Every structure is written in structure tokens, then in C-alpha cells.
Amino acid sequence: IVLHGNGDNFCAGIDTSIFDPNFPRKFADSMKPQPGSHANLFQRAACVWREIPVPVICAIKGVAFGGGFQIALGADMRYSTPEAKFSVMEVKWGLIPDMGISTTARHIIAPDRLKELAFSGRIFNGEDALSMGVVTSLHPDPYAAAMLTATEIAGRSPDAIRGMKRLFNSGFDLDDAAALALEARIQSGLMGRPNQVEAVAANLEKRPPEFDD
Amino acid sequence: IVLHGNGDNFCAGIDTSIFDPNFPRKFADSMKPQPGSHANLFQRAACVWREIPVPVICAIKGVAFGGGFQIALGADMRYSTPEAKFSVMEVKWGLIPDMGISTTARHIIAPDRLKELAFSGRIFNGEDALSMGVVTSLHPDPYAAAMLTATEIAGRSPDAIRGMKRLFNSGFDLDDAAALALEARIQSGLMGRPNQVEAVAANLEKRPPEFDD
Amino acid sequence: IVLHGNGDNFCAGIDTSIFDPNFPRKFADSMKPQPGSHANLFQRAACVWREIPVPVICAIKGVAFGGGFQIALGADMRYSTPEAKFSVMEVKWGLIPDMGISTTARHIIAPDRLKELAFSGRIFNGEDALSMGVVTSLHPDPYAAAMLTATEIAGRSPDAIRGMKRLFNSGFDLDDAAALALEARIQSGLMGRPNQVEAVAANLEKRPPEFDD
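Residues numbered from 1 in each chain as written. Chains lettered and ligands numbered in written order. Predicted model: local features only at pLDDT ≥ 70, side-chain atom pairs only at ≥ 80, totals over all residues. Heavy atoms only, no water.

(A) Layout of the overall build of chain A. Scanning chain A from terminus to terminus reveals 10 helices and seven strands. A principal-axis box enclosing the C-alpha atoms of chain A has dimensions of 65 × 40 × 30 Å. Counting all 213 residues of chain A, 57% fall into the buried class. Relative to all contacts within chain A whose residues are 6 or more apart in sequence, the contacts with residues 24 or more apart total 64%. (Helix = DSSP H or I, 4+ residues; strand = E, 2+ residues; numbered from the N terminus. Buried < 20%, exposed > 50% of the residue type's maximum accessible area, 1.4 Å probe, protein only. Contact = heavy atoms within 4.5 Å.)

(B) Looking closely at the pattern of salt bridges. Under the defined criterion, the tally for this structure stands at 36 salt bridges over all chains. Residue D76 of chain B pairs with K165 of chain B through a salt bridge whose shortest N-O separation is 2.7 Å. Taken as a pair, D76 of chain B in the loop between α3 (67–74) and β4 (77–80) and K165 of chain B in helix α8 (residues 158–171) lie far apart in primary sequence, 89 residues in all. On the accessibility criterion, K165 of chain B (2% relative accessible area) is buried. What you see here is one network of salt bridges that share partners, running through R50, R106 and D173 of chain A together with D176 of chain B. (Salt bridge = Lys/Arg side-chain N within 4 Å of Asp/Glu carboxyl O.)

(C) Broad picture of the packing of helix α8 (residues 158–171) of chain C against helix α9 (residues 176–190) of chain C. Residues and elements named next belong to chain C. At a minimum axis separation of 10 Å, α8 and α9 run at an interaxial angle of 170°. With respect to α9, the element α8 is oriented roughly antiparallel. In this structure, α8 uses D159, A160, G163, R166, L167, S170 and G171 to contact α9, whose residues at the interface are A179, L182, E183, R185, I186 and L190. Across the contact of α8 with α9, the residue classes break down as six nonpolar, three polar and four charged. (Axes fitted to C-alpha atoms, helices over the stretch in contact; angles between N-to-C directions. Parallel < 35°, antiparallel > 145°, perpendicular 65-115°, else oblique. Nonpolar A, V, L, I, M, F, W, Y, C, P; charged D, E, K, R; others polar.)

(D) Highlighting the packing of helix α5 (residues 111–120) of chain B against α8 of chain C. Orientation of α5 of chain B relative to α8 of chain C, taken along the N-to-C sense of each, is 160°, at an axis distance of 10 Å. Of the possible angle classes, the one that applies to α5 of chain B and α8 of chain C is roughly antiparallel. At the point where α5 of chain B passes α8 of chain C, the crossing takes the right-handed sense. Residues L114, K115, A118 and F119 of chain B of α5 of chain B form the contact with α8 of chain C, whose own contacting residues are I161, M164, K165, F168 and N169 of chain C. Considered class by class, the residues forming the contact of α5 of chain B with α8 of chain C number six nonpolar, one polar and two charged. (Left-handed = near helix turned anticlockwise from the far one by under 90°.)

(E) Looking closely at the sheet that holds strand β4 (residues 77–80) of chain C. All names here are of chain C. An order of β1-β2-β4-β7 is seen for the four strands of this open sheet, with the pairing classed as parallel. Where the open sheet ends on each side, the last strands, each with one partner, are β1 (2–4) and β7 (137–138). Across the sheet, helix α3 (residues 67–74) lies against β1, β2 (57–60) and β4, angled at about 125° from β4, the strand it touches most. (Pairing = 2+ DSSP bridges.)

(F) Spatial organisation of the domain arrangement of chain A. All names here are of chain A. Taken domain by domain, chain A comprises domain 1 (2–151) and domain 2 (156–204). For domain 1 versus domain 2, the separation of C-alpha centres amounts to 28 Å. Taken together, the contact between domain 1 and domain 2 spans 10 residues of the former and six residues of the latter. Summing both partners gives a buried area of about 660 Å² for domain 1 against domain 2, and 45% of it is carried by carbon and sulfur. Considering only the side of domain 1, the residues that lose the most area to domain 2 are R50, P53 and H107, jointly responsible for 59% of the buried surface there. One can count two salt bridges joining domain 1 with domain 2. Of the residues assigned to the side of domain 1 that touches domain 2, the class counts are six nonpolar, one polar and three charged. (Domains from an automatic or database assignment. Buried area = accessible area lost by both parts, 1.4 Å probe.)

(G) The arrangement of the state of the cysteines in detail. All names here are of chain B. According to the stated counting rule, one finds zero disulfides over all chains in the structure shown. The structure places no disulfide on C47, whose sulfur is separated from the nearest cysteine sulfur, that of C58, by 14 Å. Given the relative accessible area of 5%, C47 is considered buried. (Disulfide = S-S within 2.5 Å.)

(H) How the structure looks around the sheet that holds strand β6 (residues 124–125) of chain A. Residues and elements named next belong to chain A. Taken in spatial order, the three strands make up an open sheet running β3-β5-β6, and their pairing is mixed. Strands at the two margins of the open sheet, each flanked by one partner only, are β3 (63–65) and β6. Pairing geometry for strand β5 (residues 85–87) and β6, over two bridges, is antiparallel. The partner of F86 across the bridge, within β6, is F124. Contacts between helix α3 (residues 67–74) and the sheet are confined to β3, β5 and β6, with β3 contributing the most and set at about 95° to the helix.

(I) Expanded view of α8 of chain C. With 14 residues, α8 of chain C ought to run about 20 Å at 1.5 Å a step, and its terminal C-alpha atoms sit 19 Å apart, in line with that. For α8 of chain C, a buried count of 10 out of 14 residues is recorded, marking the element as mostly surrounded by other parts of the structure. Residues P158, A160, I161, G163, M164, K165, L167, F168, N169 and G171 of chain C constitute the buried set of α8 of chain C. Looking at the buried residues of α8 of chain C, the elements they touch are α4 (101–104) and α5 of chain B together with α2 (41–51), α7 (142–154), α9 and α10 (194–204) of chain C. (Expected span 1.5 Å × (residues − 1).)

(J) Structural context of the relation of the copies chain C and chain B. Expressed as a screw transformation, the operator carrying chain C onto chain B has a rotation angle of 120° and an axial translation of 0.0 Å, and the superposed copies differ by an RMSD of 0.0 Å. In short, the pair behaves as if placed about a three-fold rotation axis. Using C-alpha coordinates, one finds that chain C approaches the rotation axis most closely at H107 of chain C, a distance of 3.8 Å. (Least-squares fit on C-alpha atoms with pLDDT ≥ 70 in both.)

(K) Here's a closer look at the interface of chain C and chain A. Each partner contributes to the interface: chain C provides 39 residues, whereas chain A provides 43 residues. When chain C packs against chain A, close to 3700 Å² is buried across both sides, 66% of that on carbon and sulfur atoms. There are four salt bridges connecting chain C and chain A. Close ionic contact of R106 of chain C with D176 of chain A constitutes a salt bridge, the shortest N to O distance being 3.7 Å.

(L) Here's a closer look at the interface of chain C and chain B. Contact residues are listed per partner, giving 43 residues for chain C and 39 residues for chain B. The junction of chain C with chain B conceals about 3700 Å² of combined surface from both sides, 66% of it contributed by carbon and sulfur atoms. Connecting chain C to chain B are four salt bridges. On inspection of chain C and its partner chain B, the count reaches 18 residue pairs in polar contact (both at pLDDT 80 or more). (Polar contact = N/O pair within 3.5 Å; in protein donor to acceptor, adjacent residues only side chain to side chain.)

(M) Local environment of the side chain of K115 of chain A. With respect to the element layout, K115 of chain A can be found in helix α5 (residues 111–120). In this view, K115 of chain A contacts S120 of chain A together with D76, F168 and N169 of chain B; residues no more than four positions away in its chain are not counted.

(N) Highlighting the side chain of D76 of chain C. Judged by its relative accessible area of 2%, D76 of chain C is buried. Within the local environment of D76 of chain C, its side chain forms a polar contact with the backbone nitrogen of V56 of chain C, the two atoms lying 2.8 Å apart. Here K165 of chain C takes part through its side chain, which lies 2.7 Å from a polar atom of the side chain of D76 of chain C. Sequence-distant contacts of D76 of chain C, defined by excluding residues within four places in its chain, comprise D112 and K115 of chain B together with W49, V54, P55, V56, K165 and N169 of chain C.

Structure, rendered in C-alpha cells:
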């Protein structure tokens, strides 16, 4: 999945209609986890990209502010233009960023840099985002670069790709025993199955593989 | 809070009087967690800056060695001169760094780089510290830069700032369900409260906000 | 311990004989944790370098692919030539990397960059590896540099070195209370013991220390 804005921007963030005086009751409901997920309605918009078993690449140009910034953090990879504009903007509205950032930003951006961005709400560009780890890489045309990577991934065994997404999403936050057991469990489910046998055969025979999905 | 050295250095580290032959008994007591904290007497000097609910910026020039280095790691942000000198120096005294570094350095510096610094006790400067993530940013006058950021933060809703510090300090180390629930709990406590309503109103009316603290 | 390849390469990865049709039964056994460890047979090759109480420095030239890449990640520090070639190559065989990468790569490389490398199986060099945090530093002769660091470490109190390896391997993944307690426990075991007293005495008397191991 390649996730991108429709037009010149990725996503400008919050829908200010939530500040409507009639909103509070709806707000309380939207704070509860949704069925089958740890995430509530707002968190879901960012966390759903982690829950989907296939890779999600985010292509960013223009602005990615507030909620838009957090949706980008939920993707597996982030490709951006050097000129794109980012902001953890919620403090502008007297709020904390609450769309899963505490699960998506860990391992990606150091807490001192995230605090500075979030406390100040300041706007930073793609170059800054790369140096802080917020984006994976910079490209003049992030959408084209994302499609290229997506095509490359699509040529790999879909079982292995799904297994790796699951491993890296979960394994980094488990204790050693549980993480090692997860590796063994995922690998045992792949080894000797048709797509794995086909990957080996195609490589040894120096031909393109044909996978079932 | 802006934390800085009084004079030309930030902090030169350990008080060697703890190596006094009469110290051991006092030492045993000082290793026990203090009331209301997981941290003992020595750890408290660094961890207290994390426990305080408001942002703490550390302004570093001169040397930040050993215990001084660990106190700096306990702050929310670290501003340094390029020439400042740092060292994880405890190995010089046959000791491990034990002032909370295992809680403050995670997410900040990678373990391979921290091990190299800690095993060797070598001295490194602000440029190296920036490239390893140990400091947030470099400034010719870190104290002036820290005061500028502190002033900027002071213009934001104090409720949102406190909520974000709590979220980023705790959320990075919780499992997904607990981290997402913490986000929702903090946000629910802010939404619709006077300071949050004032932030929205001031922004929509394009005037400076006036917050209660 | 300095870990290096015998010849022009570090390690080219998987032994393709595991794809032998007669392998599956042996494979199932090799997926179970070994006595006294959370790691199974394959994971052990990488995780054993973390379990060993003394520092392990990996010197890399030539290729470090697949399993070889994961063995390198298991070391405490990684020194590489700028030209060395790395790859998380398991996807080529329709597999996930399963030699402890979910425990060794956390805190070292960000998940978005690891996913890109692992999903694509692409080959990257030492310069890229440094910028992503995969290697600790670059050297024209990594083996010579590793021996220099090993010699430096060998001049420090062996008790303190072992204590720090234990602290940084475990402390980063414990909750705050457990991590702080571990610091206190390790330090209490060092303070006032012969090697610690010798470190202080040698420093105050400005002479080289003599440690017992």
C-alpha cells in the first residue's frame, strides 16, 4: 500500500469541528478502544497501517501536520520531499498528540527531539525530518520512489514479507524470550511451504519466482 | 527549568570523598530506593528531572563527566556548545554508571556506542555527542538558546505541556494497549478544560492566549 | 573478544544445505530453545555474543550477509570498512531473519529502515550502515581498530566492564523500577571490592592499575 495525499499536501491535520460545543459527548465515546483493537477512533487512523499485514509506504509532499504527521508515523516507511513541512502541532490547540504517537514514534525519534517538536509545535522540513529519523529517505518524487519499492517488495514471497512486518512490529517491544520464540514460530510457519520452496528453487535455477498469494 | 553549571563547567562528576574508608555503611543505605520513587539517593540526582512535571532543558558548556553526564541525560532536552567535553567516566574508578543511565539513555543513544564510551571512559566533544544523539542540538550559547525555548514553551498551555512530558516519558516503555490508553486518559483530562478552550479561542481569534497555571 | 572473518569476508550467510529435502525433521528440533538459553540453535550463533560476560567487538570487511549480518548484530560493537557489503538477505530464500534480530536490532536500527532492508534484501555498504546505526564506526583496518579498543578495555577493572555489559544489555529492556534496582545491585557488588579499590588507588597515585581476573 502506498499512502499519499490527494493534491499538493499530505494531510493538514485536525478537523477543527471537534471543538464544536456539542462535541464533548461524542468525544467521550471516541476515546474508548474499538472492537478488536487497542486503538480508539482517533488512534485507529494512524494505527490501522500497523495492523494491516502488508507493507505500507507513505509518500509525503506539502504539509504533514498534527494528525497528518501521526498518520505518517503509522506507516512502515516514510518517503518525503526535502521541502515537505512537518509539525507535531497539537499543542496549538492545547492538546497532546494522541493518535498512537507513543507506540509509533518509539524506536523512530529520540524523546528529547520529539519533546522539543511537540512542546513548541514548530514546523520543520524533510531534511530535518531525515536527520531526526522521522522519515526513512528523501526523494524528489516520493510517490514514484514508493511505487518502485512497492513493486520490488511485490516480487518477494508474500509469506516472508508478512512475517517480517509482524516480527519487526511486535518483536522490538517483547522481552528476549518472547521475541526469540516469535521468530521461531513465524519461521516454522514458512519453512518448507510452497512459497518458500519456490523462492529457493527460483534462486537456484536463476529464474524469477512465481508466488501464490 | 533551565539547568546549567555555575561557572565555566556543567559538572565534573563524582565526589571522590565517597571512597573514604568510613563510607561503606552510608553507601549501603544510599543504594535503597527513596520514599515515593524507584530511584535511590544517587539515581535521584538524575531521575528527579524526569519526575518533575515541567520541561527541563540542560545547557552544557565545559565538562559534563560521570555523574554530571548522567544528570544531563535526566533532562528533557540537552543544548551544548560544540566544544563541551563529555565522558561516561565511572570506569576510571572501577565502577559502573549507576545514576539512572539505564532508564535515561535508552531511546537516546544506541547500546553499541554507549558501551564503547562507558567501557573506555573516553572523552568526546559536543559534535560527537550530537552525532550519537547524546545532545539535542548545538549552540554557541546554550544557556541563551535554552532560555529562548523555555520562553516559547511558557507561551503554550501548561496542561498540554505537562501531559506531553508524561506521555513521552512513560508511553515509550509501555506495551501498545497501555500506551494507547495513557494517551486517551491524558487527552480526556485536557479536552474542554479552560486552558484547552482558551488555546482554541486564541488561535481562531488570532490573539495571544492567556493560560491559568 | 574480537570476532572477524577468516579471509576476505566476514560471513556470507546461510548454509543452503538446510534446504535439503531431508532437513525438515532436523529443522523442527533446531527451533526449540537450547538448555540454559532463550535462544534456539540458529539464534544461538548470534545471541551467544550477548550472553558471554566480556565485550565482543566485530571487525567487518568484505560481505556480512543474512546470518552473517545477524551474527555481527549480536556483538557489543561493530567496526567496519566503508566498502564492506551488508544485507538482511533471508527474503531471497522466502524466509524471515530469525537469528535473534528482534532482540539485537532494537535500539540499534529504526524499524522503518530495517523493514526496507529486510523486505527488499538489498545490499548496502559501510557508509550506509554507519548512517543507519548498524555499525559503530568505520575504519580502514577494522581488525586493528578492534584490537586497539580491546587492549584499552583490558586495562580497565574487569568487574566494572562485566557489570556495564550486563547493565546495558538488560537495563534498556526493563521497566524503570527493575532497571534502577539492577544498577544498584551491580554497583553494590563492585563497591569496596579489591579491583574497585585498586582502580581508585591507581588513579589517585597516578600509576597504572593492576587488576585480578
